[in-house]
Amino acid sequence: YFGGLTVMAQESPRLTKSRLADRFQRFDKNGDGKITADELGMPVVFTAADKNSDGTISPEEFTAYLNTRRGRRGSRSQKAAPTAESVKETEIRYAETAGVQPNLQSLDIYAPKAAEHAPVIIYVHGGGWRKGDKAGVGNKPSFFNSKGWVFVSTNYRLVPHVAFPENVADVARAIDWVYRNIRQYGGDPNKIFIMGHSAGAHLVSLVATDPAYLTKCGRTLKDVKGVISLDTQAYDLLEMLDGWTSDVYSGAFGKDPQLHKLASPQHNVDAERSIPPFLVCYSQGVPLERVSKKRAMRAAAFVEKLKETGFQAELVDASDRN
């Protein structure tokens, strides 16, 4: 939070006055001893920190907010124990592509023991399209299982071993496998939702806006009942990569603008398609204000495109989170 103070909080139980002053000055751009909403650039954080609602954040409010956030982080730091009422099955193959490491086309299922016709969430991990693993699920399985959901976490082939759109195709294959097999784990194939983080958010957003991937598997966009996209900027790659060089993005999508357009969920929004409802969330991300603002801007632009085309979409400002 606030330009890297989360890391500092982990290093020391107390934040020194000099460190607090230094961070405060980073946002107090005109040096008047207070931070305005425009200077901070994070609406949710500003509202929470501006305790007296006078339209500015004082040094005292700044310090109080940070201490409150550190306290909340400490209370959540203990990892929830897996519930005894859930069962887990791992390394289930959803595709058999020759020459592919089996783990990269496999998924894990966490299901409540008493599940019957339960809604299903399929989670797609992040990692810049080149790393990450389906095992990185944190407390998500226990949370969803406690609410009566079947939780599925899937892998997909990674860059540079494959190039776009093979990774998107793998996500579609995983959805198809779940649709055909989830009943035996207590899930309802007519209640499938998909969720992704970072690169995974891009993949689920694309597979839910371009019907070509699911069509190749014998499925349709109507088989996905909702999408949760967590923290990605890659909604409009054509705009994002115009004049900008990035090894991460060029490695995943090359340098052809036509390919960038094809890989952009925002450019695949079409009123003739049965695009499911979207819940789009964005956080502060890395402690660089210019990046944080663009993250918010691009998420908002995608949601606006969905809405103006007639689809259901909601934007969640989580800029008070890293």
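For the structure itself, look to the data block above.
Position numbers for residues start from 1 in each chain and track the written sequence from start to end. Totals for whole chains, interfaces and linings use all residues, but because this is a predicted model, local features are given only for residues with pLDDT of at least 70 and pairs of side-chain atoms are given and counted only at 80 or more. Computation of side-chain values covers all heavy atoms of the structure but excludes hydrogens and water.

Visitor: Help me understand helix α7 (residues 166–181), please; the structure alone is not making it clear to me.
Guide: At 3.6 residues per turn, the α-helix brings residues three or four places apart onto the same side. Counting from the N terminus, the helices are the DSSP runs of H or I reaching at least four residues and the strands are the DSSP runs of E reaching at least two. Multiply 1.5 Å by the residue count of a helix minus one, and that product is the helix's expected span. Here α7 contains 16 residues, and its C-alpha end-to-end distance of 22 Å stays within 8% of the 22 Å for a straight helix at 1.5 Å per residue. Three exposure classes are used, based on accessible area relative to the maximum for each residue type with a 1.4 Å probe and protein chains only: buried under 20%, partly exposed in between, and exposed over 50%. The element α7 is extensively covered by neighbouring structure, given that 12 of its 16 residues are classed as buried. The complete set of buried residues in α7 reads Asn-167, Val-168, Ala-169, Asp-170, Val-171, Ala-172, Ala-174, Ile-175, Asp-176, Trp-177, Val-178 and Asn-181.

Visitor: Would you explain the side chain of Gln-233 in this entry?
Guide: Of note, Gln-233 is situated in the loop between β6 (226–230) and α10 (237–240). Overall, the relative accessible area of 14% leaves Gln-233 in the buried class.

Visitor: Even after reading the chapter, I still don't get the environment of Asn-167, so can you show me in this structure?
Guide: Position of Asn-167 among the secondary structure elements: in helix α7. For Asn-167, a relative accessible area of 1% gives the class buried. C-alpha of Asn-167 to C-alpha of Gln-105: the two residues are 62 residues apart in sequence and 9.9 Å apart in space. By definition in these notes, contact holds between two residues if any of their heavy atoms fall within 4.5 Å. With residues up to four places along the chain from it excluded, the contact list for Asn-167 reads Trp-129, Tyr-156, Arg-157 and Leu-203.

Visitor: What exactly am I supposed to notice about the pattern of salt bridges here?
Guide: A side chain with one charge may pair with a side chain of the opposite charge, provided their charged atoms come close. Think of a salt bridge as a Lys or Arg side-chain nitrogen and an Asp or Glu carboxyl oxygen that are within 4 Å of each other. Applying the stated rule across the entire model yields 13 salt bridges. Taking the shortest distance from any N to any O, the salt bridge between Asp-223 and Arg-219 comes out at 3.1 Å. For the pair shown, Asp-223 and Arg-219 are each scored as buried. Salt-bridge contacts for Glu-239 lead to Arg-298; the nearest nitrogen and oxygen are separated by 3.2 Å. Pair noted here: Glu-239 is in helix α10 and Arg-298 is in helix α13 (residues 289–308), with a separation of 59 residues, a long-range link. If you follow the salt bridges from partner to partner, you end up with Arg-157, Glu-166, Asp-170 and Arg-173 in one network.

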